[in-house]
Amino acid sequence: MSLCDDWRDVKYQQIFDEEIRGLTQRRQSGCKIEDLEGLLKTLYNLDGIDDGRGSLQDVIMEARIAAHEHFLAQWKAE
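In this text, all values refer to a predicted model and were calculated from it rather than measured experimentally.

Asks: Is there a simple way to think about the overall build of the protein in this case?
Replies: Looking only at helices and strands, the protein features 3 helices and 0 strands. Helices and strands in the protein line up, N terminus first, as α-α-α. Projected onto its principal axes, the C-alpha coordinates of the protein cover approximately 40 × 25 × 20 Å. Here the protein holds 78 residues, and 24% of them are scored as buried. Of the contacts formed within the protein by residues at least 6 apart in sequence, a portion of 77% connects residues at least 24 apart. The protein carries 10 positive and 16 negative side-chain charges, and their two centres are separated by 6 Å.

Take a look at the structure:
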């Protein structure tokens, strides 16, 4: 891995972890699976609108979507 990619991995993990914490708090406060599925749908839509946001924002969007998918999959599996 090159140094150029290293910052992407670090940022991705940071955002992923932050999203998981936030989703956990939402669940504990009464948020439903359907609510989070709606948020994920919104993230998919936003991801499709790439108006030149750049590498950093691409990494952030990828991590947010991955965290939502991961969290929902785990919740549904329970």
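So much for the structure itself; the text now carries on.
Asks: Explain the environment of glutamate 78 here, please?
Replies: One can find glutamate 78 in the segment after α3 (54-77). C-alpha of glutamate 78 to C-alpha of threonine 24: the two residues are 54 residues apart in sequence and 14 Å apart in space. Here the side chain of glutamate 78 touches arginine 27 through a polar contact of 2.7 Å, side chain to side chain.

Asks: What is the right way to look at the environment of aspartate 9 in this model?
Replies: Mapped onto the elements of the fold, aspartate 9 is located in helix α1 (residues 3-28). Sequence separation between aspartate 9 and valine 59 is 50 residues; the distance between their C-alpha atoms is 8.4 Å.

Asks: Honestly, the side chain of histidine 68 in this entry has me stumped. Any pointers?
Replies: Residue position: histidine 68 is located in helix α3. Excluding residues that lie within four positions of it along the chain, histidine 68 makes contacts with Glu19, Leu23, Leu36, Leu39, Leu40 and Leu43.

Asks: What's the story with the packing of aromatic side chains in this structure? I'm lost.
Replies: The description of an aromatic ring pair rests on the distance of the ring centres and on the angle between the ring planes. Following the criterion strictly, the structure yields 2 aromatic pairs and no others. With a centroid separation of 6.0 Å and 75° between ring planes, the pair formed by phenylalanine 71 and tryptophan 75 is classed as edge-to-face. Of this pair, phenylalanine 71 and tryptophan 75 both sit in helix α3, 4 residues apart, which is roughly one turn of the helix. The pair formed by phenylalanine 71 and tryptophan 75 is uniform in burial state, with each residue classed as buried.

The rules behind these values
- Numbers given for residues are sequential positions, taken from 1 along each chain in its written order.
- The predicted origin of the model limits local features to residues at a pLDDT of at least 70 and limits the giving and counting of side-chain atom pairs to 80 or more, whereas totals for whole chains, interfaces and linings rest on all residues.
- Where side-chain values are given, they derive from all heavy atoms of the structure, hydrogens and water being excluded.
- By definition, any uninterrupted DSSP run of H or I lasting at least four residues is a helix, any uninterrupted run of E lasting at least two residues is a strand, and each is numbered from the N terminus.
- Only protein chains enter the accessibility calculation, which uses a 1.4 Å probe; a residue whose area is less than 20% of its type maximum is buried, one above 50% is exposed, and one in between is partly exposed.
- The contact definition used throughout considers only heavy atoms, calling two residues in contact when any of these lie within 4.5 Å.
- Charge convention: Lys and Arg are scored as positive, Asp and Glu as negative, and His as well as the terminal groups of each chain are ignored.
- All charge positions are set by atom: Lys at NZ, Arg at CZ, Asp at CG, Glu at CD.
- Throughout this description, a polar contact denotes any pair of N or O atoms lying within 3.5 Å of each other; where both atoms belong to protein, one of them has to be capable of donating a hydrogen while the other can accept it, and for residues adjacent in sequence the pair is counted only when both atoms sit in side chains.
- Each pair of aromatic rings taken from Phe, Tyr and Trp, with Trp reduced to its six-membered ring, is defined by centres within 6.5 Å and is described as stacked if the planes are under 30 degrees apart, edge-to-face if over 60, and tilted in the remaining cases.

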